[in-house]
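Notes for the structure review
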Amino acid sequence: QIREDREFNLANSIGAHLGDPNIVSSVACDGPNRATVELKAGSRNGERLELFTTPRRSEMVDDSLFLCSESLRQVTLGGPTFSQPGVARIVIGEYQHFWTFRHRPDALTANLLTAAYIEPQDPMFIDAYNEPVLVYSHNLRFSTPC
């Protein structure tokens with residue numbers, strides 16, 4: 001059976017996106033739908049991330065094509081800021097991941113689309129509440145080492 005190493009994958013993905021491979025100090029997964037990510041002290045990105053995965057869907061289109069999606073809520077917790085010195089910082093983000101996996105003769109390939117949605121406190125929320133404001137695309141290749 002093949003299983004994802006969520007702790008390793010989350011730490012590496014967050015480190016890559018933030019430009020610091022050592023920013024994550026620990027990752028703890030509480031089942032398949034929740035992860036707690038502790039960031040190194042002094043990070044401007046917060047001190048802790050709580051990730052909640054809500055609905056997931058999947059479909060096997062044929063023997064070589066598999067689709068899946070998941071929705072995530074990210075709660076970023078951090079210390080007070082200069083503009084609000086007495087208030088802990090809490091930022092909530094909504095994301096969706098859309099995966100397309102293809103089985104090829106020499107490897108498994110995937111495309112991951114990540115859609116980020118505007119937050120309710122943003123003045124443009126009324127106009128764009130159900131539209132992604134940012135989309136990332138990553139192409140991946142999984143193969144057996146020689």
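Provided above is the structure to which this section pertains.
A brief report on the enclosed structure follows. Remember, it's a predicted structure, so these values are computed and weren't measured experimentally. (Residues numbered from 1 in each chain as written. Predicted model: local features only at pLDDT ≥ 70, side-chain atom pairs only at ≥ 80, totals over all residues. Heavy atoms only, no water.)

Moving on to the overall build of the chain. Scanning the chain from N- to C-terminus turns up two helices and seven strands. When the helices and strands of the chain are listed from N to C terminus, the series reads α-β-β-β-β-β-β-α-β. In terms of overall dimensions, the chain has C-alpha extents of about 55 × 40 × 25 Å along its principal axes. In the chain, which comprises 146 residues, the proportion classed as buried is 29%. For the chain, the share of sequence-separated contacts (at least 6 apart) that also reach a separation of at least 24 residues comes to 34%. About 10,400 Å² of surface is accessible on the chain, with carbon and sulfur atoms providing 55% of the total. (Helix = DSSP H or I, 4+ residues; strand = E, 2+ residues; numbered from the N terminus. Buried < 20%, exposed > 50% of the residue type's maximum accessible area, 1.4 Å probe, protein only. Contact = heavy atoms within 4.5 Å. Areas by Shrake-Rupley, 256 points an atom, 1.4 Å probe, with all protein chains shown as cover.)

The next point concerns the side chain of D20. By secondary structure assignment, the location of D20 is in the loop between α1 (6-18) and β1 (24-29). Excluding its chain neighbours within four sequence positions, the residues that come into contact with D20 are G15 and K40.

Attention now goes to α1. In an α-helix there are 3.6 residues to a turn, and that puts residues three or four apart on one side. In this model α1 runs 18 Å from its N-terminal to its C-terminal C-alpha over 13 residues, within 8% of the 18 Å that 1.5 Å per residue would give. Residues of α1 that are buried: R6, L10, I14 and G15. Along α1, the residues classed as buried sweep out an arc of 155° about the axis, all on the same side. At the C-terminal side of α1, G19 shows a positive phi close to 75°. (Expected span 1.5 Å × (residues − 1). Arc of directions from axis to C-beta.)

Time to look at the pattern of salt bridges. For the coordinates displayed, the defined rule picks out six salt bridges. Between K40 and D20 there is a salt bridge, and its shortest N-O distance comes to 2.7 Å. Pair noted here: K40 is in the loop between β2 (34-39) and β3 (48-62) and D20 is in the loop between α1 and β1, with a separation of 20 residues, a long-range link. Relative accessible area serves as the criterion here: at 36%, K40 is assigned to the partly exposed category. Here R48 ties to E50 by a salt bridge, and the two come within 2.8 Å at their closest N and O atoms. Take R48: its relative accessible area is 31%, and that puts it in the partly exposed class. Via salt bridges that share partners, R34, R48 and E50 belong to a single interconnected network. (Salt bridge = Lys/Arg side-chain N within 4 Å of Asp/Glu carboxyl O.)

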